[in-house]
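What the coordinates show
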Amino acid sequence: MYFGGQIKWNVQTGPDSGLQPFFKATGTPVRHQPPPMNATHILLLIGGYFALLLLISYFTGRNDSNDDFFKAGGQSPWYLVAFGMIGASLSGVTFISVPGWVESSQFSYMQVVFGYLAGYIVIALVLMPLYYRLGVTSIYEYLEQRFGWVSYKVGALSFFVSRVLGAAFRLFLVAIVLQQFVFDAWGVPFEATVVLSIALIWVYTFRGGIKTIVWTDTLQTLFMLLAVGFSIHFINQSLGWSLSDFLASEELEAYSQTWFTDSFADKNHLVKSFLGGMFITICMTGLDQDMMQKNLTCRNLWDAQKNMLSFSVVLVAVNFVFLLLGALLFIYADRFGIALPLMDGSPKSDLLFPEIALNSGLGPVVGTTFMLGLIAAAYSSADSALTSLTTSFCVDFMGIGKLPGAQQKKLRKRVHIGMSLLLIVVVILFKYVLDRNVIDGLLTVATYTYGPLLGLFAFGILTPYALRDSRVWVVAVTAILVVALIANLPPELLGGYEIGYELLPLNGLLTFLGLLLIRKKRTL
């Protein structure tokens, strides 16, 4: 808070600054603000947090068996999985990038979120019964049973590429925050930050796998939600508002347009956003080994369905709270003259939340809970991604089930290290090629990589046909190339129509139609 006058913040970070901001102000003096967290405090906090994760890993990974690593012994309580999936679904991308998206897109993201809800219902009622009936470890085993070896590999490869890129997006986000607010002050290169981040994940997942993650996700979700709640409370307090004052303010109204129905040609039109969100959820959760692996650890189908339906309703409310936080951040930044932080010389809206939480004098509670929330949100999705990539590669590509027991464990551990190294390389590459808001980039990638999965699973569930299996990869590649061509058409050629997330269902439809061309009668 301030008492009159006008304040302009000029936050500098670097080896000599210790992350201490200095202020240029005119007008009457301001009330003393508590100093921001410095790099040492943040590192101590991270160290304590990971010590807690390692303690959980010790107790959950004592068996060190493949059954626990891949399926958690099939004994996870559904409510524990449901609560943990909130953090895994949101991830560091939602934690930072969704609030940073509010200025340019307002609350239009809620149109996508309601599509998510419809998608979760489809997963619970259609896909989950299929997976439990087949008793699969990797959900792509269904494609081999239904169509053949090539279809199986095409589906598994689509997931593998999707999840590597998706996990890298999430890890990139937490790495740039740690770099900007911690390691730049010590001259540590970005590459070393990435290696450290992924090495920490490997340490607490290499024994327990998914069994460990079911429990750590619960803790991480709690920290993430506390961080958002504390941030909203203290920012409102600094503005002299109660929560009801904020919700009734004209400033919020300027950011909170939710429904966009004026022109179907617009990228964020309601129908396009809703359908895009629904198909994104069906693909990125229901056809994704990462997300479904947690659900398959429940004791039975009914528990898994309760988990999915309850968590999906809560997720809608939580996403809305993130958008409220985003509006509040921009209101606060405008009130106090805080500019968007720069990354490599360009403004980065994804960094506004950490800038305000760590450097705007809101106090240690906000800074501490923000860092805990950020780490929790980022790693709750990244750790499960690393585990699911290990699972998919072992089961889908290495045929681990055909090896003797002792060799299975050795292979799993080697693959786990290999997946960690792969993520390190991809995250580092993102620093040099990513030029958009991270949540937008993540959803855009999904429109390409999940299309073949959507088409294959839809064809298998909705039709009685078999396929000429050897030609499936041609259909998948062709559909992706056609979608890429369509996505890059200028709106002028389409009468002003802007293509959005409807590219994902279009990709799935093109794959489905291509599969019709190579169908054959199913032999029972």
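Residues numbered from 1 in each chain as written. Predicted model: local features only at pLDDT ≥ 70, side-chain atom pairs only at ≥ 80, totals over all residues. Heavy atoms only, no water.

- In the nomenclature of an unreviewed UniProt entry, the chain is known as Putative cation symporter of Robiginitalea biformata.
- Taken from UniProt, the Sequence similarities (unreviewed entry) comment for the chain reads in full: "Belongs to the sodium:solute symporter (SSF) (TC 2.A.21) family."
- Under the UniProt heading Subcellular location (unreviewed entry), the note attached to the chain is "Cell membrane". (UniProt positions renumbered as here; feature names shortened; annotations may be inferred.)

1. With respect to the overall build of the chain
- Scanning the chain for helices and strands turns up 20 helices and six strands.
- When the 524 residues of the chain are sorted by exposure, 58% land in the buried category.
- If you take every contact in the chain between residues at least 6 apart in sequence, the share linking residues at least 24 apart comes to 83%.
- For the chain, the accessible surface area stands at approximately 20,700 Å², while carbon and sulfur atoms represent 65% of it. (Helix = DSSP H or I, 4+ residues; strand = E, 2+ residues; numbered from the N terminus. Buried < 20%, exposed > 50% of the residue type's maximum accessible area, 1.4 Å probe, protein only. Contact = heavy atoms within 4.5 Å. Areas by Shrake-Rupley, 256 points an atom, 1.4 Å probe, with all protein chains shown as cover.)

2. Topic: helix 18 (residues 451-462)
- Taking 1.5 Å of rise per residue, the twelve residues of helix 18 would be expected to cover 16 Å, and the 16 Å separating its terminal C-alpha atoms lies within 8% of that figure.
- For helix 18, every residue scored as buried is listed here: Gly451, Pro452, Leu453, Leu454, Gly455, Leu456, Phe457, Phe459 and Gly460. (Expected span 1.5 Å × (residues − 1).)

3. Considerations on the side chain of Asn507
- Within the secondary structure, Asn507 sits in helix 20 (residues 503-517).
- For Asn507, the residues in contact, after removing those within four places along its chain, are Thr447, Tyr448, Gly451, Pro452, Ala479, Ile480 and Val483.

4. A word on a nonpolar patch on the surface
- A surface patch of nonpolar side chains, about 530 Å² in accessible area, is lined by Ile121, Leu125, Val126, Leu309, Ile461 and Leu462.
- Of all elements in the fold, only helix 4 (109-134) and helix 18 reach the threshold of two or more residues within the nonpolar patch.
- Per-element accounting of the nonpolar patch gives the leading share, three residues, to helix 4.
- Within the secondary structure layout, Ile461 lies in helix 18. (Patch = residues over 30% accessible without salt bridge, like charges linked within 9 Å, V, L, I, M, F, W, Y side chains within 5 Å. Salt bridge = Lys/Arg side-chain N within 4 Å of Asp/Glu carboxyl O.)

5. Side note on the nonpolar core
- Counting 147 residues, the largest nonpolar core has Phe95, Tyr131, Ile235, Ile356, Phe370 and Met371 as its most contacted members.
- Examining the composition of this core, we find that 19 residues originate from one element, helix 6 (residues 149-181), more than from any other.
- Non-local contacts of Ile356, meaning those with residues more than four positions away in its chain, are made with Ile235, Leu329, Tyr332, Ala333, Ile338 and Leu362. (Core = buried A, V, L, I, M, F, W, Y, C linked by side-chain atoms within 4.5 Å.)

6. Considerations on a positive patch on the surface
- Side chains of Arg468, Arg471, Arg519 and Lys520 sit close together on the surface and give a patch of like positive charge.
- Within the secondary structure layout, Arg468 lies in the loop between strand 5 (466-467) and helix 19 (472-487). (Lys, Arg positive; Asp, Glu negative; His and termini not counted. Charge placed at Lys NZ, Arg CZ, Asp CG, Glu CD.)

7. Comments concerning the packing of aromatic side chains
- According to the stated counting rule, one finds 21 aromatic pairs in the structure shown.
- Considering the side-chain rings of Phe353 and Phe370, the 4.8 Å spacing of their centres and the 70° angle between planes classify their relative orientation as edge-to-face. With Phe353 in helix 14 (residues 352-359) and Phe370 in helix 15 (residues 364-397), this residue pair connects regions lying 17 residues apart in the sequence.
- Taking the relative accessible area as the measure of exposure, Phe353 reaches 2% and is therefore buried.
- Residue class for Phe370 comes out buried when judged on its relative accessible area of 0%.
- Taken together, the aromatic side chains of Tyr131, Tyr140, Tyr142, Phe159 and Phe457 make up a single cluster linked through ring pairs.
- Directly above the ring of Trp241 sits Arg335, whose terminal nitrogen or CZ lies 5.6 Å from the centroid.
- Taking the ring centre of Tyr465 as reference, the NZ or CZ of Arg519 above it sits at 5.2 Å. (Phe/Tyr/Trp six-rings, centres within 6.5 Å; stacked < 30°, edge-to-face > 60°. Lys NZ or Arg CZ within 6 Å of the ring centre and 35° of its normal.)

8. A word on helix 20
- Here helix 20 is 15 residues long and its end C-alpha atoms lie 21 Å apart, about the 21 Å a rise of 1.5 Å per residue gives.
- Looking at helix 20, one finds that the buried residues are Leu503, Leu504, Pro505, Asn507, Gly508, Thr511, Phe512, Gly514 and Leu515.

9. What about the environment of Leu219?
- Residue position: Leu219 is located in helix 8 (residues 210-238).
- On the basis of relative accessible area, Leu219 is assigned to the buried category, the value being 18%.
- Every residue in contact with Leu219, bar those within four places of it in the chain, is listed here: Leu52, Leu53 and Ile56.

10. As for the packing of helix 13 (residues 301-336) against helix 14
- Between helix 13 and helix 14, the least distance of the axes is 10 Å, while the angle of their chain directions is 65°. Between helix 13 and helix 14 the crossing geometry is left-handed. Between helix 13, through Leu325, Leu329, Phe330, Tyr332 and Ala333, and helix 14, the contact on the second element is made entirely by Leu352, Phe353 and Ile356.
- For the contact of helix 13 with helix 14, the per-class residue count stands at eight nonpolar, no polar and no charged. (Axes fitted to C-alpha atoms, helices over the stretch in contact; angles between N-to-C directions. Left-handed = near helix turned anticlockwise from the far one by under 90°. Nonpolar A, V, L, I, M, F, W, Y, C, P; charged D, E, K, R; others polar.)

11. Topic: the packing of helix 6 against helix 19
- Running from amino to carboxyl end, helix 6 crosses helix 19 at an angle of 30°, the nearest separation of the two axes being 9 Å. Judged by the inter-axis angle, helix 6 sits roughly parallel to helix 19. Residue-level contacts link Val150, Ser151 and Val154 of helix 6 to Val472, Trp473 and Ala476 of helix 19.
- Class assignment of the residues belonging to the contact of helix 6 with helix 19 gives a composition of five nonpolar, one polar and no charged. (Parallel < 35°, antiparallel > 145°, perpendicular 65-115°, else oblique.)

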